[in-house]
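Working through the structure, step by step
What follows is each chain in one-letter form.
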Amino acid sequence: MVGAPEISSRRELRMDQPVNIQLTLAHLRRGAGDPTTRRDGNCLWRTSRMSSGPVTYVLRQIAPTVVEARAWGDGAAELLDGLPSLVGAEDDISGFRPEHPVLLDAHRRFPGLRVPRTGLVLEALIAAVLEQKVVGLDAFAAWRRLHQRFGDPAPGPAPDDMRVFPDAETWAAIPSWEWHRAGVDPQRASTAQACARVGRQVENLIPSHGRDHAAVYRGLRSIPGVGVWTAAEVGSRALGDADAVPFGDFHVAKDVGTALIGRRIDDEGLAELLEPWRPHRLRVVTLVRLSPHVRPERRGPRMPRVDHRSI
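Note that the structure is a prediction, hence the values are computed from the model and not measured.

Each value, and the rule that gives it
Residues numbered from 1 in each chain as written. Predicted model: local features only at pLDDT ≥ 70, side-chain atom pairs only at ≥ 80, totals over all residues. Heavy atoms only, no water. Helix = DSSP H or I, 4+ residues; strand = E, 2+ residues; numbered from the N terminus. Rg over C-alpha atoms; globule rule 2.2 N^0.38 Å. Buried < 20%, exposed > 50% of the residue type's maximum accessible area, 1.4 Å probe, protein only. Contact = heavy atoms within 4.5 Å. Areas by Shrake-Rupley, 256 points an atom, 1.4 Å probe, with all protein chains shown as cover. Lys, Arg positive; Asp, Glu negative; His and termini not counted. Charge placed at Lys NZ, Arg CZ, Asp CG, Glu CD. Polar contact = N/O pair within 3.5 Å; in protein donor to acceptor, adjacent residues only side chain to side chain. Expected span 1.5 Å × (residues − 1). Salt bridge = Lys/Arg side-chain N within 4 Å of Asp/Glu carboxyl O. Phe/Tyr/Trp six-rings, centres within 6.5 Å; stacked < 30°, edge-to-face > 60°. Lys NZ or Arg CZ within 6 Å of the ring centre and 35° of its normal. Axes fitted to C-alpha atoms, helices over the stretch in contact; angles between N-to-C directions. Parallel < 35°, antiparallel > 145°, perpendicular 65-115°, else oblique. Nonpolar A, V, L, I, M, F, W, Y, C, P; charged D, E, K, R; others polar. Pairing = 2+ DSSP bridges.

1. Some words on the overall build of the protein chain
When you go through the protein chain residue by residue, the secondary structure sums to 16 helices and seven strands. For 311 residues, the compact-globule estimate of 2.2 N^0.38 gives 19 Å, and the C-alpha radius of gyration of the protein chain, at 19 Å, lies within 12% of that figure. If you line up the protein chain on its principal axes, its C-alpha atoms span 55 × 50 × 35 Å. The buried share of the protein chain, taken over its 311 residues, is 53%. Long-range pairs, those at least 24 residues apart, make up 68% of the contacts in the protein chain with a sequence separation of at least 6. On the protein chain, roughly 14,600 Å² of surface is accessible, and the fraction owed to carbon and sulfur atoms is 50%. Charge separation in the protein chain, taken as the distance between the mean sites of 42 positive and 38 negative side-chain charges, equals 4 Å.

Structural data, given as structure tokens:
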């Protein structure tokens, strides 16, 4: 525990439709060793940096439509106020029509899957930048090392070694050798720091534009090094955008094409294929990824692993 005494705040959220918090928030976890996330049986522990300060929180699924949350730290009240958005309770799936055997089956298997809306743009943005054009394992390792080195200890009775996302000033001040030591190449480090230097403006994108996702994406893409893929990764976590397709992903177009029409396609083909499902295109991509009947095509070229610490 750091700072204030271990005083927790609590909220019980009752929802109109089932929400599976473990499945919905799995998209926020950066690998098994993510120091901002721990899973303990039916409980999910997470940390974040709210505008009001750091927070540790634990979510427990009491029933398919009931979630209990407890939170510690200066950001506790803000976190609990945003609980419905965080767990996807405000994600409207009423207009989604799977209309494909693969999607129908996955939709039936995972009825509680929702798109979360954390509202934390910089947190999602830095994570997405670290994942640009590298293997996921390497990006997750960098995320872990940087949090272990620069993240604040989690407030409250958090599991051992949990850390809180550093503030924008800390990210902007990380020296080049620390990025290198974490396994981040100069281009991604430069982009991450460019994002951090406009951290205040980045966090104001949602208050300024609300649910106008296109306006938020334009703001994000105005930062050097942030493109369509990175903006979509932010949208699927911070904005609750069920239409945030990660165009440019190394595998998505091939995997979705193989699953839905039996052949590999490129991003242009992906856009055409997914168009009938707008504004639920990310939902389609997620269901394809979760489907037990889909075996992603992996015979083509693979993204090479590069240890940038050795360069």
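2. Topic: unusual backbone geometry
Of note, the bond from Arg278 into Pro279 is cis; its omega dihedral lies within 30 degrees of zero at 5 degrees. With a phi angle near 50 degrees, Glu99 is a residue other than glycine that sits in the positive phi range. Along the polypeptide, Glu99 turns up in the loop between α3 (83-86) and α4 (101-109). Note on Glu99: relative accessible area 64%, which makes it exposed. Although it is not a glycine, Lys133 sits at a positive phi angle of roughly 55 degrees. Residue position: Lys133 is located in the loop between α5 (121-130) and α6 (136-150).

3. Concerning the side chain of Glu233
Note that Glu233 resides in helix α13 (residues 228-239). Polar contacts involving the side chain of Glu233 include one to the side chain of Arg237, which spans 2.8 Å.

4. A closer look at helix α9 (residues 186-197)
Given a rise of 1.5 Å per residue, 12 residues ought to cover 16 Å, and the 16 Å separating the end C-alpha atoms of α9 matches this to within 8%. Buried positions along α9 lie against α5, α7 (168-173), α8 (176-182) and α10 (199-203). The N-cap of α9, judged by a side-chain oxygen 3.1 Å from the amide nitrogen of Gln187 a few residues on, is Asp185.

5. Some points on the pattern of salt bridges
Applying the stated criterion across every chain, the model contains 17 salt bridges. Between Glu178 and Arg181 there is a salt bridge, with the nearest N and O atoms lying 3.8 Å from each other. Here Glu178 pairs with Arg181, and both are found in helix α8, just three residues apart, close to one helical turn. Glu178 gets classed as buried once you look at its relative accessible area, which sits at 7%. The salt bridge partner of Asp243 is Arg278, with a shortest N-O separation of 3.7 Å. Here the residue Asp243 occupies a position in the loop between α13 and α14 (252-261), and Arg278 occupies one in the loop between α15 (267-274) and α16 (281-290), the gap between them amounting to 35 residues. Looking at Asp243, the relative accessible area reads 13%, which means it is buried.

6. A word on the packing of aromatic side chains
Applying the stated criterion across every chain yields a total of four aromatic pairs. Residues Phe165 and Trp171 carry aromatic rings whose centres are separated by 5.4 Å and whose planes lie at 40 degrees to one another, so their mutual orientation is tilted. Of the residues examined, Phe165 reaches a relative accessible area of 4% and is grouped as buried. Pairwise contacts between aromatic rings join Trp143, Phe165, Trp171 and Trp179 into one cluster. Its guanidinium or amino end placed over the ring of Trp143, Arg30 lies 5.5 Å from that ring's centre, counting from NZ or CZ.

7. Some remarks on the packing of α5 against α9
Where α5 meets α9, the closest approach of the two axes is 9 Å, and the angle between their N-to-C directions is 170 degrees. Here α5 lies roughly antiparallel to α9, going by the angle between them. Where α5 approaches α9, its residues Leu122, Leu125, Ile126, Val129 and Leu130 are matched on the opposing element by Arg188, Thr191, Ala192, Cys195 and Ala196. Here the residues of the contact of α5 with α9 sort into eight nonpolar, one polar and one charged.

8. Some points on the sheet that holds strand β3 (residues 43-50)
Strand order in this open sheet of five strands is β1-β5-β4-β3-β2, and the pairing throughout is antiparallel. Looking at which strands have only one partner, the edges of the open sheet turn out to be β1 (9-14) and β2 (37-40). Here the average twist between neighbouring strands, direction ignored, is 20 degrees.

9. Describing α14
Turn by turn, an α-helix covers 3.6 residues, leaving residues three or four places apart pointing in a common direction. Counting buried positions along α14 gives eight out of 10 residues, so the element sits mostly inside the fold. When α14 is considered as a whole, its buried residues turn out to be Val252, Ala253, Lys254, Asp255, Val256, Gly257, Ala259 and Leu260. On the buried face of α14, the contacting elements are α4, α15 and α16. Backbone geometry just downstream of α14 places Gly262 in the positive-phi region, at approximately 80 degrees.

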